[in-house]
Amino acid sequence: MKKTAMTGTEAVANAMRQIDPDVVPAYPITPQTEIMHGYAKFLSDGKVTGELIRVESEHSAMSASVGASCAGARVMTATAANGLALMWEIVYIAASMRLPIVMSVVNRALSGPINIHCDHSDSMGCRDSGWIQMYAENNQEAYENAILGMRLAEKARLPVMSCLDGFITSHAVEPVTLFEDQSVKDFIGEHIPDHPLLDTDNPTTHGPLDLFDYYFEHKRKQSQGMFDAKSLFKEVAAEYNQRFGRDIKELEEYSMDDAETVIVALSSTCGTAKVVVDSLREQGKKVGLLKLRLFRPFPMNEIKEALKSRKVIAVLDRVESFGAFGGPLFSEIRSALYESGSPKIVNYIYGLGGREIDTKMIERVYEEIESYKNKEIEEYIKYLGVRE
Amino acid sequence: MKEIKFIGRGGQGGKSAAAILADAALEKGDFIQSFPEYGAERQGAPVYAYTRIDQKEIRIHSGITNPQIVAVLDSTLLTALPVTEGMPDDGILIVNTVEDPKQVRSRINFHSGRVFTVDATGISIDAFGKNIPNTPMLGAVEKATGLVTLDVLKKKISDKFIRKIGQEGVDKNLNAIQRAYDEVKEG
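Keep in mind that what you see is a predicted model, and the values were worked out from it rather than measured.

Cut-offs used in this document
Residues numbered from 1 in each chain as written. Chains lettered and ligands numbered in written order. Predicted model: local features only at pLDDT ≥ 70, side-chain atom pairs only at ≥ 80, totals over all residues. Heavy atoms only, no water. Helix = DSSP H or I, 4+ residues; strand = E, 2+ residues; numbered from the N terminus. Buried < 20%, exposed > 50% of the residue type's maximum accessible area, 1.4 Å probe, protein only. Polar contact = N/O pair within 3.5 Å; in protein donor to acceptor, adjacent residues only side chain to side chain. Contact = heavy atoms within 4.5 Å. Expected span 1.5 Å × (residues − 1). Phe/Tyr/Trp six-rings, centres within 6.5 Å; stacked < 30°, edge-to-face > 60°. Lys NZ or Arg CZ within 6 Å of the ring centre and 35° of its normal.

## Considering the side chain of A:T77
Residues and elements named next belong to chain A.
Right, so step 1: Its location among the elements puts T77 in strand β4 (residues 76-79).
Right, so step 2: The class for T77 is buried, based on a relative accessible area of 1%.
Right, so step 3: Polar side-chain contacts of T77 include one of 2.6 Å to the backbone oxygen of P25.
Right, so step 4: With sequence-adjacent residues up to four places away left out, T77 is seen in contact with P25, A26, M36, M62, S65, I101, V102, M103 and S104.

So this is what it looks like as structure tokens:
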């Protein structure tokens, strides 16, 4: 298939064109805005049929998404950083109402200080909000995660955040292979909403008051929905892989067969880490990379299986969890491996506010964790690439 | 892998030049990546944009610190910024200026590699009546590096601009590229 040069935001806009959602409520924020530029252009060119609602804030964007999704529409939106923070209240409501909204999050640092560049503080802040989360290494994955995410959302009846790195991938031009429009439409299928408000023959109530009598039961069911999404991801990925000739899993294991020291990371940093792994492998070093494509629901068993027999693991978090024992990826991976006992695990916080992460820095991480094979880790939480 | 850095001022089209070069290389069958460096964007501020071209998939997502090729779209930046920073000894520097390469070399004290100059601003003013030196600079970059081919470059520029500026506008760009390709000097 033909490769086209496009930015990450153009790739996501193309996924939106092919999915052609019924309703797209949107509010601009850097670096997301170009996704909606792209979508709006498709709309005015008559390439899509949806309704773009230009709202007055992100809080309204998510509110309109909830309303439209309850009505029975297929809904997509996109945001970043402070926009996502402003949506916060309704982000939880979308998940608890089991609405299959797909939202691209172009990862950007939360203020303050104000910064427009990449880190994962925005989407990681929402990690317990009940949304499925996928992270893209490059533009191709940003495109494909949106498509896979749409199907998964509707199958799991849960909203999906499809995350890509602000500027690093969102504004970089890379080759992207677009699938045939019809093939995407066939994969997505028709949206059959659950108890839509517009089904006036069967009136239903959405979002009522729910106190101590049943609130807990409803949260328990919501939680079960997220657990069930683990196997639904496998089902959807299997269909997807068969149709599009891919091999998408929750995790990508890169050069992991006999790897003794392993880096675990998300998104674009994984591409740079692969370059380092290749070069260290040429020198005979047993290094590997574990990339999480799916972060929520957390693929605990798969991670355990992939990491249990390794010697030292470095988990890279592009976010600070103030006052916690390490970043979110670190603490969850460490917890997943608690019973397996053997690997040593160390955390690197890196890349906040778009701080560069290059091959030399990743090489240094592999060197450092190699040294932990034979000595105690003196410090579990390290900061990579910061002046101290 | 080839790594190219475009240095210009906001509004001169450095970002587009980097993207068009990448697009042309993809058309030719190479793997590509192109990205601007965003700071405070405003008309006139210095702006960097980059292109990577390789025969195999490009996975790296970090910045470019050792560009083999540097194209300077605005000669006033020659002494304002360390334009040759990180360049290897066999690097190629292409500058939009009325000066000849020897004058540029002595002005920035750069005596290794290859230096090319072209009056892309003059060509741009002749062609468009204003200073948008990015497309003529691409012609000069192609002559200095042979990264893509002039034909592929012209095709990509036509594809990109035809809807926006029509055939007449496209022809002006193609002539400007050809002129820069013919007029660029090495020294």
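## Comments concerning helix α4 (residues 134-145) of chain B
Residue and element names in this part refer to chain B.
Right, so step 1: Taking 1.5 Å per residue as the helical rise, α4 with its twelve residues ought to reach 16 Å, and the 16 Å between its terminal C-alpha atoms agrees with that figure.
Right, so step 2: Looking only at α4, the buried set comprises N134, T135, P136, M137, L138, G139, A140, V141, E142 and A144.
Right, so step 3: Just beyond α4, the residue with positive phi is G146, at close to 60°.

## Description of the side chain of A:T177
Right, so step 1: In this structure, A:T177 sits in strand β8 (residues 173-177).
Right, so step 2: The residues touching A:T177, leaving out its near neighbours within four places in the chain, are A:M1, A:K2, A:K3, A:Q140 and A:Y143.

## A closer look at the packing of aromatic side chains
Right, so step 1: One pass over the full model with this rule turns up twelve aromatic pairs over all chains.
Right, so step 2: Between A:F325 and A:F330, the ring centres sit 5.5 Å apart and the planes meet at 70°, which makes this aromatic pair edge-to-face.
Right, so step 3: Measuring from centroid to centroid gives 5.2 Å for B:F35 and B:Y50, while their planes differ by 25°, and the two rings are stacked. Remark: B:Y50 occurs in strand β3 (residues 46-54) and B:F35 occurs in strand β2 (residues 31-37); sequence separation between them is 15 residues.
Right, so step 4: An aromatic cluster is present here, built from A:Y143, A:F179, A:F187, A:Y240 and A:F244 joined pairwise through their rings.
Right, so step 5: When the ring centre of A:F187 is taken as reference, the NZ or CZ atom of A:R151 above it lies at 5.9 Å.

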